[in-house]
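Next come the chains, spelled out residue by residue.
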Amino acid sequence: MSSAAQGVSVPALVPETGAQGGLTEQELQTLNKPARSGRDTAAMVAGIVGIALIILYCVIPFYWMVVSAFRLPSDGMSTAFWPHPASIENFKGAFQAKNNFPRALLNSVIVATVTTVLTLLFGIIAAYALARLRFRMKGVVLAIIIGCSMFPGITLLIPLRKMFTGYYSWFPNWMNTYQALIVPDLSFGLPLCVWNLTAFFRQLPVELEQAAMVDGCTPGVAFRKVILPLAAPGVFTTAILTFIAVWNEYMMALTFGVRPDMKTATVALSQFTGTTGFDTPYGSIMAAGVIVTVPLLIVVLLFQRRIVGGLTAGGVK
Amino acid sequence: MSTAVAQTSTTEPKRKKNVFSDGQGTLAAMLISPTMIVIFFVVLIPILMTVRDSFYLKSTKVDPTTGMLPTGEHYVGLQNFTDAITGQLESVHGAWGSMPRLINAFVNNMWFTVVCVVIETVLGIAMALIMSKAFKGRGLVRASILVPWAIPTIVSAMMWRLIFQTGGVMDRIMGSQHLWLGDSVWSQVAVVIADTWKTAPFIGLLTLAGLQTIPAEVYEAAKVDGASAWQQFTRITLPMVKPALVVAVLFRTLDTMRMFDLPYGMIGPHKYYVETLSMFAYDEANNLRYGPAAAYSILLFILIVIVAFLFIKLLGAELITDEDVIALREQRKRQKAMHKKAKAMPTITSGESAT
């Protein structure tokens, strides 16, 4: 940039140097470039080291979980940095009959899927209204929704526990049912879903619907045929975020699913018992942890751009 | 179509409360009411029940008139709160000496919140700064940052429990043995480490999003003016990421205040060095003492409301970014200011003479 500007302002100089020293335009440019100082190199090295540190910070504890899962059960608490010999005995241990782990995984899938579908059904239309329509009390509605996502779960858990255990004669006993696992999760799943979707819908240009309506679509048809297909990535991301939030939920599941066949995966793995019933079988717990986490991680890593976008859209703007 | 137009025009004068009510209210109400109904049933009703329960206690004394053991509960006013605060129920020994269990849980809660959030914020900002400067490995770093976020808290609690075992890998790295999982100051440290690991990257991610909105020209101008790197950080970077950062920190603060899974899974219940309000209330509910449990959870709820309020008022956390709502708020502010002005200065001429 600066060399070109000089060349323009002092046109006589350039051909002169070119003739005298035999320098081409290209060589001149390289000469005009500021020499790379030691400071720049240091900054670059520091950057690479910093990046490496962040990656190690995030991954090493997880690595420890994976390594511990692949040890022999008898090496449970070994501190060797590499499983030697590697084995899949712990995974077999996690799937022992007494742990009921396959059923727990199925429960988690059912609860998370149903909650996600329900929140999307309610959330999509609400978010569309919040993003596109103008109405009174909009500020209040937004405040209620964001307020719900800040809520301490324990405040909800106590009356729900009282209700679901058959304390009140007007409410059926819901302990160990799917509805008792799903309904409380709506309390945080729905606000999360509405908030994220509102941010996504707001990013879509309003002109699209206007064009559709000029072409004779009703608002409903414009929404279905124009907006929904365009918002599909946003809906998909929101679905993943909600699914993960419900999948990771622990306190409600711990309270409302106590029978072995109604535990979710997170609850089941935290209650694995060893051979004597008192020792903690860390190997199989870590193996179960890997099983619970890895499918999520694969999805998250596949769609990392979208998920980061979704997280920041929900939180920042 | 024509009837709809006619309808809106006839109802307009009556219903038009502000500039934005232009006849979309009915549609909006239809679309939003399902969500609001769900929230009403799964959030509002339980809260009201908790508030009610917090003033009641299960009757345990024999009824003198009938000589029967009563099964119901009776109104006790604020007794659930006062009994817990004065330590009538039980006194525990935690990190802060012997004190009522509620106070201990409260202090733990505040202590964890402050320590965890401060460390997470500093680490998060540092991570965001490094990531924003990096040319290589951005995708890799973003992928790895999502790992702690995606792991369920209870799984990470079990993972850290293994790491902190006596004679475990943490002891091996540190070359000394500590009772990380016992009931000691070390268990507090362990909880802080585990919580920071899981959430600092998340703050980093949100801060990075804020950093990327700062135009490079601002830094170039600062460099030309001779600003040092530190000055650039405190005068440009921090003020400009503040909106994103404050929201991220607010969410993290509220999340840490209701912490349950991590200390419960990692250290366990009835460990008073790490017991939080959520854990205490959960334990009381497990013992079927719903009244006190409700009282403690309401206390946590009030705390969270206060903290959220302070963040919004003092730090200016901007949660609602809807243009209509902001415009309306501005309009109200202006109207208020105008009213005030009109009251203070009855006529324009006097105002002019005053200035």
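The structure we're discussing is the one just above.
This text gives an overview of the structure that appears in the document.

Basis of the calculations
Residues numbered from 1 in each chain as written. Chains lettered and ligands numbered in written order. Predicted model: local features only at pLDDT ≥ 70, side-chain atom pairs only at ≥ 80, totals over all residues. Heavy atoms only, no water. Helix = DSSP H or I, 4+ residues; strand = E, 2+ residues; numbered from the N terminus. Buried < 20%, exposed > 50% of the residue type's maximum accessible area, 1.4 Å probe, protein only. Contact = heavy atoms within 4.5 Å. Areas by Shrake-Rupley, 256 points an atom, 1.4 Å probe, with all protein chains shown as cover. Pairing = 2+ DSSP bridges. Phe/Tyr/Trp six-rings, centres within 6.5 Å; stacked < 30°, edge-to-face > 60°. Core = buried A, V, L, I, M, F, W, Y, C linked by side-chain atoms within 4.5 Å. Patch = residues over 30% accessible without salt bridge, like charges linked within 9 Å, V, L, I, M, F, W, Y side chains within 5 Å. Salt bridge = Lys/Arg side-chain N within 4 Å of Asp/Glu carboxyl O. Buried area = accessible area lost by both parts, 1.4 Å probe. Polar contact = N/O pair within 3.5 Å; in protein donor to acceptor, adjacent residues only side chain to side chain. Nonpolar A, V, L, I, M, F, W, Y, C, P; charged D, E, K, R; others polar. Axes fitted to C-alpha atoms, helices over the stretch in contact; angles between N-to-C directions. Parallel < 35°, antiparallel > 145°, perpendicular 65-115°, else oblique.

## Notes on the overall build of chain A
Stage number 1. Assigned secondary structure in chain A consists of 15 helices and zero strands.
Stage number 2. Within chain A, buried positions represent 48% of all 317 residues.
Stage number 3. Here the contacts in chain A between residues at least 6 apart in sequence split such that 68% fall between residues at least 24 apart.
Stage number 4. If you sum the accessible surface of chain A, you get close to 15100 Å²; carbon and sulfur atoms cover 68% of it.

## What to know about the pairing of strand E4 (residues 97-100) of chain B
Strand residues, when the strand is regular, have side chains that alternate between the two faces of the sheet.
Residue and element names in this part refer to chain B.
Stage number 1. With four bridges joining them, strand E3 (residues 91-94) and E4 adopt antiparallel strand pairing. The residue bridging Val92 from the neighbouring strand is Met99, located in E4.
Stage number 2. Taken together, E3 and the strand that follows it, E4, pair antiparallel across an intervening segment of two residues.

## Digging into the packing of aromatic side chains
Stage number 1. In the structure shown here, the tally under the stated rule is 33 aromatic pairs over all chains.
Stage number 2. Measuring from ring centre to ring centre gives 5.2 Å for B:Trp180 and B:Trp186, while their planes differ by 75°; the resulting arrangement is edge-to-face.
Stage number 3. With relative accessibility at 34%, the residue B:Trp186 sits in the partly exposed group.
Stage number 4. Cluster of aromatic residues (ring-pair linked, three or more members): A:Phe164, A:Tyr167, A:Tyr168, A:Trp170, A:Phe171, A:Trp174, A:Phe256 and B:Tyr290.

## Notes on the nonpolar core
Stage number 1. Ranked by size, the top nonpolar core spans 185 residues in total, and within it A:Phe101, A:Phe201, A:Leu269, A:Met286, B:Trp149 and B:Met266 carry the most contacts.
Stage number 2. If one sorts the elements of this core by residue count, helix H6 (residues 101-132) of chain A sits on top with 13 residues.

## Quick look at a nonpolar patch on the surface
Stage number 1. A surface patch of nonpolar side chains, amounting to about 550 Å² of accessible area, comprises A:Phe81, B:Ile173, B:Met174, B:Val185, B:Trp186 and B:Val189.
Stage number 2. For the nonpolar patch, the secondary structure elements donating two or more residues are helix H7 (169-174) and helix H8 (185-211) of chain B.
Stage number 3. Looking at the nonpolar patch, the element that brings in the most residues is H8(B), giving three residues.
Stage number 4. Inspection of the secondary structure assignment puts B:Val189 in helix H8.

## Here we look at the interface of chain B and chain A
A common way to report how large an interface is uses the accessible area buried once the components associate.
Stage number 1. Counting residues at the interface gives 97 residues for chain B, matched by 95 residues for chain A.
Stage number 2. Together chain B and chain A conceal approximately 8700 Å² of surface at their shared face, both sides included; 76% is due to carbon and sulfur atoms.
Stage number 3. Here chain B is connected to chain A by four salt bridges.
Stage number 4. Taken together, the connections running from chain B to chain A amount to 18 residue pairs in polar contact (both at pLDDT 80 or more).
Stage number 5. Ranked by residues supplied to the side of chain B that touches chain A, first place goes to helix H2 (residues 25-53) of chain B with 18 residues.
Stage number 6. Looking at the side of chain B that touches chain A residue by residue, the classes come out as 67 nonpolar, 16 polar and 14 charged.

## Considerations on the environment of B:Thr60
Residues and elements named next belong to chain B.
Stage number 1. Among the secondary structure elements, Thr60 is positioned in the loop between strand E1 (56-58) and strand E2 (73-75).
Stage number 2. For Thr60, a relative accessible area of 60% puts it in the exposed group.
Stage number 3. Separated by 14 residues in sequence, Thr60 and His74 place their C-alpha atoms 9.8 Å apart.

## Focus: the packing of helix H8 (residues 153-164) of chain A against helix H12 (residues 277-286) of chain B
Stage number 1. Between H8(A) and H12(B), the least distance of the axes is 10 Å, while the angle of their chain directions is 5°. By the angle class used here, H8(A) and H12(B) are roughly parallel. From H8(A), A:Ile154, A:Leu157, A:Ile158 and A:Arg161 reach across to H12(B), where they touch B:Ser278, B:Ala281, B:Tyr282, B:Ala285 and B:Asn286.
Stage number 2. A breakdown of the residues in the contact of H8(A) with H12(B) according to their chemical character gives six nonpolar, two polar and one charged.

## Focus: the side chain of A:Ser187
Stage number 1. Topologically, A:Ser187 is positioned in helix H9 (residues 178-203).
Stage number 2. For A:Ser187, a relative accessible area of 5% translates into the label buried.
Stage number 3. Of the polar contacts made by the side chain of A:Ser187, one reaches the backbone oxygen of A:Pro184; its length is 2.6 Å.
Stage number 4. If we skip the residues at most four places from it in the chain, A:Ser187 touches A:Cys148, A:Leu156, B:Val42 and B:Val43.

What is shown is where atoms sit, not what they do.
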